[in-house]
Amino acid sequence: MVKICCIGAGYVGGPTMAVIALKCPDIEVVVVDISSPRIAGWNSDRLPIYEPGLDDVVKQCRGRNLSFSTEVHRHVGDADIVFVSVNTPTKTCGLGAGKAADLTYWESAARMIADVSVSDKIVVEKSTVPVKTAEAIEKILAHNGRGFSYQILSNPEFLAEGTAIRDLLSPDRVLVGGRRDTAAGSAAVDLLAGVYARWVPQDRIITTNLWSAELSKLAANAFLAQRISSVNAVSALCEATGADIAEVAHSVGKDARIGSRFLSASVGFGGSCFQKDILNLVYICECYGLPEVASYWREVIRINDYQKSRFVNRVVSSMFNTVAGKKVAVLGFAFKKDTGDTRETPAIDVCKGLLGDKAVVSIYDPQVAGEQVARDLAMNKFDWDHPRHLQPLEQLSATDLEKQVAVAADAYEAAKDAHAVCILTEWDEFRGLDYRRMFQGMQKPAFVFDGRNVVEVAKLREIGFVVYSIGKPLDDWLKDMPAVA
Ligand code: NAI
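Residues numbered from 1 in each chain as written. Predicted model: local features only at pLDDT ≥ 70, side-chain atom pairs only at ≥ 80, totals over all residues. Heavy atoms only, no water.

- Per an unreviewed UniProt entry, the recorded name for the protein is UDP-glucose 6-dehydrogenase, and the organism is Urochloa decumbens.
- UniProt, in the comment section headed Sequence similarities (unreviewed entry), describes the protein in these words: "Belongs to the UDP-glucose/GDP-mannose dehydrogenase family."
- UniProt lists a comment for the protein under the heading Function (unreviewed entry), and it reads "Involved in the biosynthesis of UDP-glucuronic acid (UDP-GlcA), providing nucleotide sugars for cell-wall polymers." (UniProt positions renumbered as here; feature names shortened; annotations may be inferred.)

1. What to know about the site of the ligand
Line of reasoning, step 1. Lining the immediate environment of the ligand, one finds 25 residues, of which Asp 33, Arg 38, Thr 88, Glu 161 and Lys 276 sit closest.
Line of reasoning, step 2. In this structure, an oxygen atom belonging to the ligand sits 2.8 Å away from a side-chain N or O atom of Arg 38.
Line of reasoning, step 3. At 2.6 Å, a side-chain N or O of Thr 88 approaches an oxygen atom of the ligand.
Line of reasoning, step 4. Coverage of the ligand by the protein amounts to 92% of the 830 Å² it exposes when considered alone.
Line of reasoning, step 5. Broken down by class, the residue content of the shell around the ligand amounts to eight nonpolar, 10 polar and seven charged. (Near = heavy atom within 4 Å. Polar contact = N/O pair within 3.5 Å; in protein donor to acceptor, adjacent residues only side chain to side chain. Areas by Shrake-Rupley, 256 points an atom, 1.4 Å probe, with all protein chains shown as cover. Nonpolar A, V, L, I, M, F, W, Y, C, P; charged D, E, K, R; others polar.)

2. A few points about the side chain of Ser 69
Line of reasoning, step 1. Inspection of the secondary structure puts Ser 69 in strand E3 (residues 66–69).
Line of reasoning, step 2. Note on Ser 69: relative accessible area 11%, which makes it buried.
Line of reasoning, step 3. For Ser 69, the side chain forms a polar contact with the main-chain nitrogen of Glu 71, separated by 2.8 Å. (Helix = DSSP H or I, 4+ residues; strand = E, 2+ residues; numbered from the N terminus. Buried < 20%, exposed > 50% of the residue type's maximum accessible area, 1.4 Å probe, protein only.)

Structure below.
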């Protein structure tokens, strides 16, 4: 029986391995992590991450050919294929701080593989890493190994949180990069491609050289984020001219060369990947002496920051230029629907902006716990990737935070006595709320600022709300307010 061990039981390692175990009952799959609470979660009825369909897949395989363990050394030691799916955040200090990928976890995983191996291995890069990481890993393994042979493959993951199981069961493509110019490299590529071929059609399995695979992941995320920043840039122009972003995006997306997906205007993208991977790409371009290419991609992040601060400014300027002491309901804190993940969520920056203007914020999200909200809002932001006005909370004490932030049990509680509602995540339940009931319990004039374009603007205006919806024609109230900087 082939044994697969995955280092890192996170948003990628957990679901990916669960689906491999589901589709390959003859392969033993063990997911290991240094975090014992995380492993305990995977072994319980309450999985550590929320992902539609995940519970069911885990239930089918756990105890059969899927297990979760903290015994990292033992399982890595005798596995045939080791996936490395550890976190690769942006460096926060030293060379490349604020841009380069922090490969500390990666390097320590590679050194550990070398230390504990008792057999030859295929080592698979599942984490998103800078181009040429495989070369560094090869060197670490060659210089520290104990005579075993290692083949390094790049198999970046393209799943999106919220649709991870669907994406894994039916991926657009699976990418396997390796040293196909050598017999051993080629055999390793075929072996891994063969695992996916159990359920993925052959024409969706792409094999490439190592560097193409590594770079394709960074490039794919940069292109996706660029689409969001492009439509968000146009949304600002829509508001200024009276055009409607929904109509513009629909017309643009009908062009088969452009396509309709990923063209929804919003308060901005978030998640653990887009910003970090673009920054990483920017840094790589700079290192290779390509400053123009670096600044091209950096602009995608700038527009994203602009979109968040533009939203905050719109809220404040619409409400007579101050939100001090006013209750503002925030609906949605996760970076998108169907996940409880709040890493880099635009809600953090928007809340910080509102709190900086002394608003009292009441937050409701169906999947984000109050402690997570508190942790996120207390966290410091890097100076280099956020405009200064998005960081006022750093000056707030814990007591201020406690006074100004509350977490509500539902949308109605959040909106009770509020002056405004801000929708920051596109959860389906926000489309079907009883906005009339909400309106009745709010201060007047009652505002809705829809950062995800989920509400029916005309209906809400009929109820009596002043409504702002990104990229949509402004109502008279908002038109009369001073221009948004
Ligand atoms: P995560 O932070 O949820 O999980 C990483 C896990 O690795 C953590 O549980 C951590 O305790 C563990 N870990 C770190 N060092 C370890 C070590 N030496 N031994 C054992 N365990 C160790 O991260 P996530 O979101 O799963 O991302 C992993 C990688 O996949 C990143 O490179 C990310 O860029 C990439 N990726 C993430 C996607 C996403 O949607 N989250 C999608 C595609 C790729």
